[in-house]
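What follows is the residue order along each chain.
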Number of protein chains: 4
Amino acid sequence: METAILLISCPDRKGILSEITRFIAENNGNIVNADQHIDFQKSIFFMRIEWELEGFKIPKLEIESAFRPIAEKFQMDYQLHFSSEVKNVAIFVSKYDHCLYDLLYRFKSGELKGNLKLVVSNHEDLKHVVEMFQIPFYYFPKNRENKLEVEEREIELLKKEKIDLIVLARYMQILSNRFVNEFRNRIINIHHSFLPAFVGAKPYHRAYERGVKIIGATSHYVTEELDQGPIIEQDVVRVSHRDTVSDMIRKGRDLEKIVLSRAVRWHLEDKILVYDNKTVIFE
Amino acid sequence: METAILLISCPDRKGILSEITRFIAENNGNIVNADQHIDFQKSIFFMRIEWELEGFKIPKLEIESAFRPIAEKFQMDYQLHFSSEVKNVAIFVSKYDHCLYDLLYRFKSGELKGNLKLVVSNHEDLKHVVEMFQIPFYYFPKNRENKLEVEEREIELLKKEKIDLIVLARYMQILSNRFVNEFRNRIINIHHSFLPAFVGAKPYHRAYERGVKIIGATSHYVTEELDQGPIIEQDVVRVSHRDTVSDMIRKGRDLEKIVLSRAVRWHLEDKILVYDNKTVIFE
Amino acid sequence: METAILLISCPDRKGILSEITRFIAENNGNIVNADQHIDFQKSIFFMRIEWELEGFKIPKLEIESAFRPIAEKFQMDYQLHFSSEVKNVAIFVSKYDHCLYDLLYRFKSGELKGNLKLVVSNHEDLKHVVEMFQIPFYYFPKNRENKLEVEEREIELLKKEKIDLIVLARYMQILSNRFVNEFRNRIINIHHSFLPAFVGAKPYHRAYERGVKIIGATSHYVTEELDQGPIIEQDVVRVSHRDTVSDMIRKGRDLEKIVLSRAVRWHLEDKILVYDNKTVIFE
Amino acid sequence: METAILLISCPDRKGILSEITRFIAENNGNIVNADQHIDFQKSIFFMRIEWELEGFKIPKLEIESAFRPIAEKFQMDYQLHFSSEVKNVAIFVSKYDHCLYDLLYRFKSGELKGNLKLVVSNHEDLKHVVEMFQIPFYYFPKNRENKLEVEEREIELLKKEKIDLIVLARYMQILSNRFVNEFRNRIINIHHSFLPAFVGAKPYHRAYERGVKIIGATSHYVTEELDQGPIIEQDVVRVSHRDTVSDMIRKGRDLEKIVLSRAVRWHLEDKILVYDNKTVIFE
């Protein structure tokens, strides 16, 4: 069953919901999912609506232009997606392999519905793992001097391969503003703390030092400011005085895998809207 | 800001959402909340939609009759509520006081928006607590012989006081079918286990015997079958071999309070639809 | 069954555990609980050991002097408690009443085994609540000018009443260093965030602004630095884009109550050891 | 650092802890971990104690006989392990691959400290996965007729390979009593429900039908009675009316992986004691 998906945000006004649903109903569309949210503080309307293409009177390629007048009337930001489109994905990784394995398996098993085109790394250590799953591996060593230049080659590759989503699976390099701008709201990172606690390096060590009783992991879109991008998902696990830093790192690995994979899944299924450095998740 | 709330369920068909929202938009209603769900297995459409009455062209008392043609067209089961209506609540309690205190406080502080009219008990032990909060206390002692007859007097009282919701806050009596029928989907019970595990008596003791590593609590609507009604909310807490039955009972008390109060709040805010012995929670 | 409880910390060395248990065994003590922890990073040994006084050869009042040679040999910091001793407790509160009610109930019901001697407030608003539970209420209004002087009168009262533990149940005043020093590791505060995220004022508002997906609460001992003291307990609850600041405040109240009451219980049962701005919880 | 580990259970009596620790201290052992538990209801003492072998006066091979008099005096059930011993592990699997991949990765990365010797399956589907990780794969097709006979060949293989632990990673065959007896408390199964809810087949379907708001997974030792063995670990995840059976199955997969791997880790690290169809976990 192929579906069309509209992701919409616009200033809140009377009649938006009615007009959107009328557009679908009058064209004989069968709505299979509709989720709506209003931020009353900022007076913004958000919606994700999904309907079957079978029987829909407007041909797939003309839906966008047919919808445009409504979008303009309500000053909508909108994205139109089709369930048949599969996004191209690149994973960036350094030396830690737990999130990499986890994602490789989820793509391979079909749990994540994306086209995993390639893996990029600044180290060669995980080449064999990636090749075990028969995914192309690209080695881009980086240092302070060549960083921007190497990034250009990475961007070139990502564009050539029409990459829609970049997943930083514990990638230990900070991306330049140029890179981030090129893929705004299309780079998902996993940070190994319960943000905004422990921004930056060595969060498990700092969590241990502070004596917290719960640790967390956070997936977020990457922005210019380190660990400050819109949070997509978080989860936590209990620790005690018995847990050493190594125990926290071990417990954290399972969190990181799950929290990252949930974010990737929602992105691939067009369930995330970003605004005001926050996310609306139409789960 | 006064609002109207429609809770709807009906066979799923094209155009339902469009027709409902058109009804509101054409009458100049401002939708402040819309949540919709389709059960594809059974092909049932569910909706909760809430709009402001200010500026709405149809007078409050005529909304129901104005909406009826749409309801009939789509064979809807529906309820129309107004945010200005405050439900009348009765609490039934026996000897355990933790849920009672918790609810008394939540009503008193205004966290729960209901009119707590009275407390009924089959024991006199908690009379002073109820009176401390200045709520009328009714003592209805029960035994095997007089049970049905006492229930009739309880029903009479509840009807006289126009009670909309009965909360069993650890009430240690099984209600007759007659009683349950009189208040279908309007009696909320708290069961001190993670249903369907440990239906019936002494669930903490049985959880201890079985050696579970997590215990739970479940709030549900009461039906004729013991602990088999539609589940509204559940929550859990970790236990270990170190926890005795008393520890489980203590940990469970906090669960019971929270799980029961969430269910009561959702009911009072018209956020629950019951179908097929399950609940849809428009949280 | 009366028990003696030793809380011990000392540099880690061979033979500590053996010597402590021999002391108890040779004097015919029946150990009912023993929990031990070693911080290998800092090489510190921690222990909580509890044994029955019945049949113990050393009279209660001589246990401390009998144990002292062992304590000196291993350079122990130690506390000797008896289960029969009930601690005197004072609650400090401002205008929010949810933690206050919760604690009043837990003391009244005997769940918390302390002697709740009095409640102090810088406002008169909650006087009637405290008196409803028949606990003395002391009103100490504070302003920038009289703060230190009022604190002296508070300290005087707390000493006169032999208060062992001060619980800040959402008390909206920062205590002076003088006050904190007087009751080191005997003042428990509840902070309404998942520390170290959102130290200071209005944490729910800031959590909302940051767009976190989970909020938390933290109970900790008060030190000179605001919200930097040893963390005793934390817990969290999920939020989403649907939750407004008010929803977070409501959800947070239940967290605050539970997280604060757990800390108070552990303190009253002598289950907490503080070192290095962290806690060991012998739960 | 090599250590010795004693796992002990015996009738509770005065002096046990003292005598065990004296045995270690007098022989110059450095205790690195000691965890003790008393079940007061049944009056049983449990302990896990771990000490460094370096500097210990008794040679490794003589520790058992040196300890035996103490064991006999207190009628102990005990196991002596050494951290240097690595257990041999076999995984049994059918067609679901998520737990298999997860375990293969955890063994490969060294997170699980066992010697994964082989994988057994009643289907050939996952052969390539197992071989990708360079582990021997054994295909033992089973049907109603040959089941017991095939099991004999499996037992033979397991004995030949000196297998210490069998992990049923979603193995869709019920083991005979003969098999279970051969490896009592050494077969760990993952059941995809929050036991004792939904014993037996299709638990996610039944959870969906019952309308629960939380689903779980349970790892346990296998006994003769289906899903009735001692529970080792459980965990849960929230579901709502929006979750279909497929969503539950997807969410459950992550639970199953984590809950199974925790149980395997604790077993491999000698942290589990079984008694009375329950477990004591010295975590």
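Everything quoted here is computed from the prediction, not taken from an experiment.

A look at the overall build of chain A
A tally of helices and strands in chain A yields 8 helices and 13 strands. Each of the three principal axes of chain A carries a C-alpha extent, and together these read 60 × 40 × 35 Å. Expressed as a percentage of its 283 residues, the buried residues of chain A come to 63%. Of the contacts formed within chain A by residues at least 6 apart in sequence, a portion of 67% connects residues at least 24 apart. Approximately 11,200 Å² of chain A is accessible, and the part contributed by carbon and sulfur atoms is 47%. Side chains of chain A give 41 positive and 43 negative charges; the mean places of these two sets differ by 4 Å.

Thoughts on the UniProt feature "active site" (unreviewed entry) in chain A
Within this numbering scheme, the UniProt entry marks D227 of chain A as carrying the feature "active site" (unreviewed entry). By secondary structure assignment, the location of D227 of chain A is in the loop between strand 10 (214-221) and strand 11 (231-238). Taking relative accessible area as the criterion, D227 of chain A reaches 7% and is therefore assigned buried. Here D227 of chain A is in contact with N189, H191, L195, V199, G200 and H220 of chain A together with R210 of chain C, once residues within four sequence places are set aside. Engagement of the side chain of D227 of chain A in a polar contact is seen with the backbone nitrogen of G200 of chain A, the distance being 2.8 Å.

As for unusual backbone geometry
L195 of chain B connects to P196 of chain B through a cis peptide bond whose omega is 10 degrees. Mapped onto the elements of the fold, P196 of chain B is located in the loop between strand 9 (187-191) and helix 7 (203-210). For D227 of chain B, which is not a glycine, the phi torsion comes out positive at approximately 60 degrees. Not every positive phi belongs to a glycine, and N185 of chain D is a case in point at roughly 60 degrees. Secondary-structure assignment places N185 of chain D in the loop between helix 6 (177-182) and strand 9 (187-191).

A look at the interface of chain A and chain B
For an interface, size is often stated in terms of accessible area lost upon the parts coming together. Between chain A and chain B, the residue contacts involve 19 residues of the former and 19 residues of the latter. Summed over both sides, the interface of chain A with chain B buries roughly 1,500 Å², with 55% coming from carbon and sulfur. The three residues of chain A that bury the most area against chain B are K14, L17 and S18 of chain A, which together make up 30% of that side's buried surface. Where chain A meets chain B, there are 0 salt bridges. The interface formed by chain A and chain B contains 5 residue pairs in polar contact (both at pLDDT 80 or more). Contributing elements (two or more residues each) for the side of chain A that touches chain B: helix 1 (16-26) and strand 2 (30-39) of chain A. Sort the elements by how many residues they give to the side of chain A that touches chain B and strand 2 of chain A lands first, with 8 residues. For the side of chain A that touches chain B, a count of residues per class yields 7 nonpolar, 8 polar and 4 charged.

Re the packing of helix 3 (residues 98-108) of chain D against helix 8 (residues 245-268) of chain D
All names here are of chain D. In the contact formed by helix 3 and helix 8, the axes pass within 9 Å of each other and the chain directions differ by 40 degrees. By the angle class used here, helix 3 and helix 8 are oblique. The two elements helix 3 and helix 8 cross, and the hand of that crossing is right-handed. Seen from helix 3, the contacting residues are H98, C99, D102, L103, R106 and F107; seen from helix 8, they are R253, E256, K257, I258, L260, S261, V264 and L268.

A word on the relation of the copies chain A and chain B
It takes a turn of 180 degrees to lay chain A on chain B, together with a shift of 0.0 Å along the axis; the resulting RMSD is 0.0 Å. The superposition operator between the copies reduces to a two-fold rotation axis. Comparing interface residues between copies, 100% of those in chain A also lie at the interface in chain B; the contact surface is shared.

Re the sheet that holds strand 8 (residues 165-168) of chain D
Residue and element names in this part refer to chain D. Read from one edge of the open sheet, 7 strands run 7-6-5-8-9-10-11, paired in mixed fashion. Each edge of the open sheet is held by one strand with a lone partner, namely strand 7 (137-139) and strand 11 (231-238). With strand direction ignored, the average angle separating the axes of adjacent strands in the sheet is 20 degrees. Across 7 bridges, strand 5 (residues 87-93) lies against strand 6 (residues 114-121) in parallel orientation. Looking at strand 6, one finds that K87 is bridged to G114.

Quick look at the interface of chain A and chain C
If you look at the interface, chain A gives 35 residues, while chain C gives 35 residues. The contact between chain A and chain C buries some 3,100 Å² in all, and 48% of this surface belongs to carbon and sulfur atoms. Of all residues in chain A, R210, K213 and H241 of chain A bury the most surface against chain C, accounting for 23% of the area lost on that side. For the pair chain A and chain C, the interface holds 6 salt bridges.

As for the sheet that holds strand 6 (residues 114-121) of chain B
Residues and elements named next belong to chain B. Taken in spatial order, the 7 strands make up an open sheet running 7-6-5-8-9-10-11, and their pairing is mixed. Among the strands making up the open sheet, the edge pair consists of strand 7 (137-139) and strand 11 (231-238). Neighbour-to-neighbour, the strand axes of this sheet turn through a mean angle of 20 degrees, independent of strand direction. On the sheet, helix 5 (residues 147-160) packs against strand 5 (87-93), strand 6, strand 7 and strand 8 (165-168) and is oriented at approximately 165 degrees with respect to strand 6.

Thoughts on the packing of aromatic side chains
If you walk through the whole model with that rule in mind, you get 46 aromatic pairs over all chains. Summarising the aromatic geometry, the rings of F23 of chain C and F56 of chain C are spaced 6.3 Å apart at their centres and angled 70 degrees between planes, so their arrangement reads as edge-to-face. Taken together, the positions of F23 of chain C in helix 1 (residues 16-26) and F56 of chain C in the loop between strand 3 (44-52) and helix 2 (63-73) put the pair 33 residues apart, joining distant regions of the chain. Accessibility classification places F23 of chain C together with F56 of chain C in one group, the buried group. An angle of 80 degrees between the planes, with centres 6.1 Å apart, marks the rings of Y101 of chain D and F133 of chain D as edge-to-face. Highlighted residues: Y101 of chain D in helix 3 and F133 of chain D in the loop between helix 4 (127-132) and strand 7, separated in sequence by 32 residues. Under the relative-accessibility criterion, Y101 of chain D is labelled buried at 4%.

Here's the deal with the pairing of strand 5 of chain B
All names here are of chain B. With 7 of 7 residues buried, strand 5 is to be regarded as a mostly interior element. A two-sided burial pattern is seen for strand 5, the buried positions comprising K87, V89, I91 and V93 on one face and N88, A90 and F92 on the other. Read from strand 5 through helix 3 (residues 98-108) to strand 6, the crossover connection turns out right-handed. When strand 5 meets strand 8, the two strands line up parallel, connected through 4 bridges. Opposite I91, over in strand 8, you have V167 as the bridge partner.

Examining the pattern of salt bridges
Evaluated as defined, the whole model comprises 120 salt bridges over all chains. Taking the shortest distance from any N to any O, the salt bridge between R106 of chain D and D254 of chain A comes out at 2.9 Å. Separated into two different chains, R106 of chain D in helix 3 and D254 of chain A in helix 8 (residues 245-268) make up a pair that spans both. Of the two residues examined, R106 of chain D and D254 of chain A, each falls in the buried class. Residue D235 of chain B is joined to R238 of chain D by a salt bridge in which the shortest nitrogen-to-oxygen separation is 3.4 Å. With one member in each of two chains, D235 of chain B in strand 11 and R238 of chain D in strand 11 form a pair that bridges those chains. Taken together, the salt bridges that share partners define one network made up of D102, R106 and E111 of chain A together with R253, D254 and K257 of chain D.

Comments concerning the state of the cysteines
Under the criterion given, the structure shown has 0 disulfides over all chains. C99 of chain D forms no disulfide, and the closest cysteine sulfur to it belongs to C99 of chain A, at a distance of 18 Å.

Here's the deal with the relation of the copies chain A and chain C
Rotating chain A by 180 degrees about the axis while translating it 0.0 Å along that axis superimposes it on chain C, leaving an RMSD of 0.0 Å. The fraction of interface residues of chain A whose copies in chain C are also interface residues reaches 100%, indicating that both copies meet through the same surface.

Structural notes on the domain arrangement of chain A
Residue and element names in this part refer to chain A. What the domain assignment reports for chain A is domain 1 (3-82) and domain 2 (87-281). The C-alpha centroid of domain 2 is placed 31 Å from the C-alpha centroid of domain 1. Contact with domain 1, which involves 12 residues of that partner, is made by 9 residues of domain 2. Counting the surface lost from both domain 1 and domain 2, the interface buries some 840 Å², and carbon and sulfur atoms represent 61% of this. Interface area lost by domain 1 to domain 2 is led by L7, F46 and R48, which between them contribute 47%. Counting across the interface, domain 1 meets domain 2 through 1 salt bridge. With a shortest N-O distance of 3.0 Å, K42 and D276 are connected by a salt bridge. For the pair domain 1 and domain 2, the interface holds 5 residue pairs in polar contact (both at pLDDT 80 or more).

About the thresholds
Residues numbered from 1 in each chain as written. Chains lettered and ligands numbered in written order. Predicted model: local features only at pLDDT ≥ 70, side-chain atom pairs only at ≥ 80, totals over all residues. Heavy atoms only, no water. Helix = DSSP H or I, 4+ residues; strand = E, 2+ residues; numbered from the N terminus. Buried < 20%, exposed > 50% of the residue type's maximum accessible area, 1.4 Å probe, protein only. Contact = heavy atoms within 4.5 Å. Areas by Shrake-Rupley, 256 points an atom, 1.4 Å probe, with all protein chains shown as cover. Lys, Arg positive; Asp, Glu negative; His and termini not counted. Charge placed at Lys NZ, Arg CZ, Asp CG, Glu CD. UniProt positions renumbered as here; feature names shortened; annotations may be inferred. Polar contact = N/O pair within 3.5 Å; in protein donor to acceptor, adjacent residues only side chain to side chain. Buried area = accessible area lost by both parts, 1.4 Å probe. Salt bridge = Lys/Arg side-chain N within 4 Å of Asp/Glu carboxyl O. Nonpolar A, V, L, I, M, F, W, Y, C, P; charged D, E, K, R; others polar. Axes fitted to C-alpha atoms, helices over the stretch in contact; angles between N-to-C directions. Parallel < 35°, antiparallel > 145°, perpendicular 65-115°, else oblique. Left-handed = near helix turned anticlockwise from the far one by under 90°. Least-squares fit on C-alpha atoms with pLDDT ≥ 70 in both. Pairing = 2+ DSSP bridges. Phe/Tyr/Trp six-rings, centres within 6.5 Å; stacked < 30°, edge-to-face > 60°. Right-handed = clockwise from strand over helix to strand, strands pointing away. Disulfide = S-S within 2.5 Å. Domains from an automatic or database assignment.

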